[in-house]
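Report on the structure
Each chain, letter by letter, is given below.
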Amino acid sequence: ARAAADAAAGADAPLWRSLGLAAVLGAMAAVVARALRRPVGHRPVQPLCEVFLEEAPPLALMATTGEPEPAKPTVPSEKSLNTMRKFAEQCLKRTDTYLCQDKGVAAVVLKGLAVHKEELGAPLCPCRNYDDKQAEANHGYWNCPCVPMRERKECHCMLFLTPDNDFAGTEQTITVEEIEEYTKGMGM
């Protein structure tokens, strides 16, 4: 199934690049949840994005219709990306949280936040599925930092990780260049 999807997306394009952000992040969250349930000695040592690409079942990457979501060519402006980057860095320092050791996770989330900030006027969490994104953005519960993050330091997106989290890195900064490199060619 993956080979057919890769062929449909282009010979050189991996499957995850042709899917929507919500589908990719939802499947990634499932892989991370499975990894956290493993005994400590069996946790993956390779970057989480690689674990996701190896373990995510193709069905987890499908939209509710059963078909891969079409890629959206939405690309946030450098100004929006930089604004979200600065916002995240301030929040990381203020809450004593850290980026994931695989900065690709943070890069994808920050790019999604920047897209939502431009499209919806609010940094709506890009890791969730919504029936009406604009209504959710107006409501504010899932606007970053979301209520679970503000109240309990629980970030579903893995953008803000507490020091005791197995996937937490040691850094609280990421550059626009790193974000662009990790998300190069990825449609949102």
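Notes on the structure follow. (Residues numbered from 1 in each chain as written. Predicted model: local features only at pLDDT ≥ 70, side-chain atom pairs only at ≥ 80, totals over all residues. Heavy atoms only, no water.)

A word on the packing of helix H4 (residues 78-95) against helix H5 (residues 103-120)
Geometry of a packed helix pair, given as the angle between the helix axes and the separation of the axes. Across the interface, H4 lies against H5 with an axial gap of 9 Å and an inter-helix angle of 120 degrees. Put simply, H4 runs oblique to H5. The way H4 lies across H5 gives a crossing that is right-handed. On H5, the residues that touch Ser80, Leu81, Met84, Arg85 and Ala88 of H4 are Leu110, Lys111, Leu113, Ala114 and Glu118. (Axes fitted to C-alpha atoms, helices over the stretch in contact; angles between N-to-C directions. Helix = DSSP H or I, 4+ residues; strand = E, 2+ residues; numbered from the N terminus. Parallel < 35°, antiparallel > 145°, perpendicular 65-115°, else oblique. Left-handed = near helix turned anticlockwise from the far one by under 90°. Contact = heavy atoms within 4.5 Å.)

Some points on the pattern of salt bridges
A full pass over the atoms with the stated rule returns 5 salt bridges. Residues Arg85 and Glu89 are paired through a salt bridge, measuring 3.0 Å at the closest nitrogen-oxygen approach. Of this pair, Arg85 and Glu89 both sit in helix H4, separated by 4 residues, roughly a single helical turn. In this structure Arg85 comes out as buried when scored by relative accessible area, which is 15%. Residue Lys103 pairs with Glu171 through a salt bridge whose shortest N-O separation is 2.7 Å. Of this pair, Lys103 sits in helix H5 while Glu171 is found in the loop between helix H7 (147-152) and helix H8 (176-182), placing the two residues 68 residues apart along the sequence. For Glu171, a relative accessible area of 40% puts it in the partly exposed group. (Salt bridge = Lys/Arg side-chain N within 4 Å of Asp/Glu carboxyl O. Buried < 20%, exposed > 50% of the residue type's maximum accessible area, 1.4 Å probe, protein only.)

Comments concerning unusual backbone geometry
Of the consecutive residues Cys144 and Pro145, the connecting peptide bond is found in the cis state with omega at -5 degrees. Examined against the element boundaries, Pro145 turns out to sit in the loop between helix H6 (133-139) and H7. For Asp96, which is not a glycine, the phi torsion comes out positive at approximately 55 degrees. Mapped onto the elements, Asp96 comes out in the loop between H4 and H5. The class for Asp96 is partly exposed, based on a relative accessible area of 41%. In this structure, Lys153 takes a positive phi of about 55 degrees despite not being glycine.

With respect to the packing of aromatic side chains
Across all of its chains, the model carries 1 aromatic pair by this definition. Here the aromatic rings of Tyr141 and Trp142 are separated by 4.8 Å at their centres, their planes lie at 80 degrees, and the arrangement is edge-to-face. According to the relative accessible area criterion, Tyr141 is partly exposed, its value standing at 31%. (Phe/Tyr/Trp six-rings, centres within 6.5 Å; stacked < 30°, edge-to-face > 60°.)

Concerning the environment of His156
By secondary structure assignment, the location of His156 is in the loop between H7 and H8. The exposure class assigned to His156 is partly exposed, which follows from its relative accessible area of 41%. For the pair His156 and Cys127, spaced 29 residues apart in sequence, the C-alpha separation works out to 7.5 Å. Here Cys127 takes part through its backbone oxygen, which lies 3.4 Å from a polar atom of the side chain of His156. (Polar contact = N/O pair within 3.5 Å; in protein donor to acceptor, adjacent residues only side chain to side chain.)

Focus on the nonpolar core
By size, the foremost hydrophobic cluster in this structure holds 30 residues, and its most contacted members are Leu110, Leu113, Leu159, Phe160 and Ile174. When contributions to this core are tallied by element, the ones reaching two or more residues are H4, H5 and H8. At 7 residues, H5 tops the list of elements feeding residues into this core. Not counting chain neighbours up to four residues away, the residues in contact with Phe160 comprise Ala88, Cys91, Leu92, Thr97, Tyr98, Cys144, Met149 and Cys155. Counting residues in each nonpolar core, the second largest holds 6 residues, with Val105, Leu161, Phe167 and Ala168 among its members. (Core = buried A, V, L, I, M, F, W, Y, C linked by side-chain atoms within 4.5 Å.)

Topic: H4
Between its first and last C-alpha, H4 extends 25 Å over 18 residues, near the 26 Å set by a 1.5 Å rise per residue. Those residues of H4 that fall on the buried side of the exposure criterion are Ser80, Leu81, Met84, Arg85, Ala88, Glu89, Cys91, Leu92 and Thr95. Contact partners of the buried residues in H4: H5, H7 and H8. Once H4 ends, the next one or two residues include Asp96, with phi positive near 55 degrees. (Expected span 1.5 Å × (residues − 1).)

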